[in-house]
Amino acid sequence: MRLLQVQVAHADRDRVLDLAREHGARSPVSVRADACTLIFATLPNDTLGAFAHDVSDAVSEATFTILPVGALPLETPLGEIAGSVRDVSRLSTLELVLASVQSVGSWPGLLLFSLLAGTIGAYGLIFDTAYLLVAAMLINPMGAPALVAVTAMAVGDGRMFGRGAVRFAASLAIQAATAMALGFAYGLTVSTAMMEQVTSLSSWAVVVALAAGAAGAQSQVKSERDSLVSGTAAGFMVAAALAPPAAVLGLAVALGRPDYMALMAFLLLLQFLAIAVGGWLVFRGFGVRPGESGMSRGTARVRTVLVTGVAAITVGLVAWQAGREPRFQKADVSRTALEVARDATARVDGVYLIESSAHFTRRDIQRYDREALLLEIIVENTTSADDDVVADDLRREVRRLADSRMPGVIPFIDVTVLAGPGP
């Protein structure tokens, strides 16, 4: 419920009180002042926008004041309150749109936090400092414009969607430029282990972005007294999908790595669009739709165009990524390499797998055009055969399976044979 104050002319008092009752207000009251009448009404969240729209149509002039804290109207007998007082209804669409309009208008904070997030994120990547990368996620402001775009899609407001996308691009550009400047100032010439992790994409990356968008939308629309997950935590999840790629994009320029630039540009575009789709699905489930805000913003036709366009591009990017193995699917190929090690070991008699690891080598330190994968395998030899013979047999079997399951990859296979623990 929301407590709403409406200031109208004396002559419009009865009409506004009737409208309040029609929209589910509980015992609205009015107070007559010298120049106007003040009407106080407690309205359900989902009727707030419709009530404001109807009042604006019915009277010549009205001023609305929405109290930012949810109201809990109580009725006697008080002994039964414990079983009836709940506030689990979502925020009104009017409040969602107003929050997005306020967010769109705030540039100084966006620019400053983008600068700081780019600096801290780049520092964390250069020195492989995980906690600094987490700090960059916590202060990263790109989640806010992404969620503005989500709200715009839900209500069918093309202008708001464009403004959210522009703010997202501006924040991204600042973070990338800051990271690039730090990379040049430090004299970065070799990619770090953390950068390699960020650039190891998976074909399932879209799932994380969809979940981030859904979490962000849920945090926007949830009841104020819903404390299961804080809005800060949900916003952190959105930033976690965006902050590392933004910093790597800038550092890739300093390194002169166009391959990294392409990977991160692709990932950021995919995640922005997938966040929008995931958030829209949650808003749709909660019934957020065009015309509900009461602000004459958005249409069903624009919503259809936005949703269809964003979803189509997202699906197209996922399909395009699926055809770019292994460069755009290094995480998936690394997992496949571990399966290859397991299956190859099982085909060599008397040899048992102890441990295996796989990772791609840096393109800037290798002499091959294709992606090079280092596969390290540690096995136990329980036969009487020489360890070198066992290692050669296993290496041939691994290479045979790798050629069939990992096309486009050059495998470097390191086999370590250990003797069993003995009697």
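Just so it is clear, the structure is predicted and the values come from calculations on it, not from any experiment. As a convention, each chain's residues are numbered from 1 in the sequence order in which they are written. This being a predicted model, a pLDDT of at least 70 is required before a residue's local features are given, and a value of 80 or more before pairs of side-chain atoms are given or counted; all residues contribute to the totals for chains, interfaces and linings. Only hydrogens and water are removed before side-chain values are computed, so all heavy atoms of the structure are retained for them.

Engineer: Would you take a moment to explain the packing of aromatic side chains for this structure?
Structural biologist: How two aromatic rings sit relative to each other is given by the distance of their centres and the angle of their planes. Only the six-membered ring of Trp is used, alongside the rings of Phe and Tyr, when aromatic pairs are assigned; centres must lie within 6.5 Å, and planes under 30 degrees apart are stacked while those over 60 apart are edge-to-face, with the rest tilted. Evaluation of the coordinates by the stated rule reveals 7 aromatic pairs. On the numbers, 4.6 Å between centres and 35° between planes, the contact of Phe-168 with Phe-272 is tilted. Highlighted residues: Phe-168 in helix H7 (residues 158-186) and Phe-272 in helix H11 (residues 258-285), separated in sequence by 104 residues. An identical accessibility class is assigned to Phe-168 and Phe-272; each is buried. Note on Trp-320 and Phe-328: the rings are 4.9 Å apart at their centroids and 75° apart in plane angle, and the pair reads as edge-to-face. Overall, the relative accessible area of 35% leaves Trp-320 in the partly exposed class. In this text, helices come from DSSP runs of H or I with a minimum length of four residues, and strands from runs of E with a minimum of two, each type numbered from the N-terminal end. Think of it in three bands: residues with accessible area under 20% of the maximum for their type are buried, residues over 50% are exposed, and the middle band is partly exposed, with areas taken using a 1.4 Å probe on protein chains only.

Engineer: It is not clear to me how the nonpolar core should be interpreted in this structure. Could you clarify?
Structural biologist: Here the nonpolar core consists of buried residues drawn from Ala, Val, Leu, Ile, Met, Phe, Trp, Tyr and Cys, with membership extended through side-chain atoms lying within 4.5 Å. Residues Leu-125, Met-153, Met-195, Leu-251, Met-264, Ile-275 and Phe-283 are the most contacted members of the largest nonpolar core, which totals 67 residues. Sort the elements by how many residues they give to this core and H11 lands first, with 16 residues. Core analysis: the second largest hydrophobic core is formed by 24 residues, Ala-337, Leu-373, Leu-401 and Met-406 among them.

Engineer: How should I be thinking about the sheet that holds strand E3 (residues 37-43) in this particular structure?
Structural biologist: The strands making up a sheet associate through backbone hydrogen bonding, with each pair oriented either parallel or antiparallel. Taken together, the 4 strands give an open sheet; going across it, the order is E2-E3-E1-E4, and neighbouring strands pair in antiparallel fashion. With one partner strand each, in any of the chains shown, strand E2 (29-32) and strand E4 (62-66) form the two edges of the open sheet. In this sheet, neighbouring strand axes are inclined to one another by 20° on average, regardless of whether the strands run parallel or antiparallel. Note that strand E1 (residues 2-8) and E3 share 7 bridges and pair antiparallel. What sits directly across from Gln-7, in E3, is Leu-38. A contact between two residues is defined here by any heavy atoms of the two lying within 4.5 Å. Interaxial angle, 0 to 180 degrees, is taken between N-to-C directions of lines fitted to C-alpha atoms, where a helix line uses only the stretch in contact. Along the sheet face, helix H1 (residues 13-22) touches E1, E2 and E3 and points at about 5° away from the line of E3. For two strands to pair, DSSP has to find at least two bridges joining them.

Engineer: I keep staring at the pattern of salt bridges and nothing clicks. Help me out?
Structural biologist: A pair can form between side chains of opposite charge whenever their charged atoms are brought close. The working definition used for a salt bridge is a side-chain nitrogen of Lys or Arg within 4 Å of a carboxyl oxygen of Asp or Glu. A complete count under the given rule lists 11 salt bridges for this structure. Residue Glu-339 is joined to Arg-335 by a salt bridge in which the shortest nitrogen-to-oxygen separation is 2.9 Å. One end of the pair is Glu-339 and the other is Arg-335, both in helix H13 (residues 330-346) and 4 residues apart, which spans about a single turn. For Glu-339, a relative accessible area of 28% puts it in the partly exposed group. Residue classification places Arg-335 among the partly exposed residues on the basis of a relative accessible area of 44%. Ionic pairing is found between Arg-400 and Glu-397, a salt bridge with its closest N-O pair at 2.6 Å. Of this pair, Arg-400 and Glu-397 both sit in helix H14 (residues 387-405), 3 residues apart, which is roughly one turn of the helix.

Engineer: Help me understand the side chain of Asp-259 in this model?
Structural biologist: By the secondary structure assignment, Asp-259 is in helix H11. The class for Asp-259 is buried, based on a relative accessible area of 12%. For the purposes of these results, a polar contact is taken to be a pair of N or O atoms within 3.5 Å, where, inside protein, one atom must be able to donate a hydrogen and its partner to accept one; residues adjacent in sequence count only when each atom of the pair is a side-chain atom. Within the structure, the side chain of Asp-259 is placed 2.8 Å from the side chain of Arg-257, a separation counted as a polar contact. With near-sequence residues (within four places) excluded, Asp-259 lies in contact with Arg-327 and Arg-363.

Engineer: Honestly, a nonpolar patch on the surface in this entry has me stumped. Any pointers?
Structural biologist: A cluster of nonpolar side chains, Leu-112, Phe-113, Leu-115 and Leu-116, forms an exposed patch at the surface whose accessible area comes to about 350 Å². Counting through the fold element by element, Phe-113 comes out in helix H4 (residues 108-126). By relative accessible area, Phe-113 is classed as partly exposed at 40%. The patches reported here contain residues having more than 30% relative accessible area and no salt bridge. Joining distances are 9 Å for like charges and 5 Å for nonpolar side chains (Val, Leu, Ile, Met, Phe, Trp, Tyr). Method for areas: the Shrake-Rupley scheme with a 1.4 Å probe, in which residue coverage is limited to the protein chains shown.

Engineer: Sorry if this is basic, but what is going on with the packing of H13 against H14 here?
Structural biologist: Two numbers describe how H13 lies on H14: the axes approach to 9 Å, and their chain directions differ by 135°. In terms of orientation, H13 lies oblique with respect to H14. As H13 runs across H14, the sense of the crossing is right-handed. Listed contacts from H14 to Thr-336, Glu-339, Val-340, Asp-343, Ala-344 and Thr-345 of H13 are Leu-394, Glu-397, Val-398, Leu-401, Ala-402 and Arg-405. In this count, Pro and Cys sit with the nonpolar residues alongside Ala, Val, Leu, Ile, Met, Phe, Trp and Tyr, while Asp, Glu, Lys and Arg are called charged and the others, Gly among them, polar. By residue class, the composition of the contact of H13 with H14 is 6 nonpolar, 2 polar and 4 charged. Each angle receives one of four descriptions, namely roughly parallel if under 35 degrees, roughly antiparallel if over 145, roughly perpendicular if within 65 to 115, and oblique otherwise. In this scheme, a crossing is called left-handed if the near helix is turned counterclockwise away from the far one by less than a right angle; it is called right-handed if the turn is clockwise.

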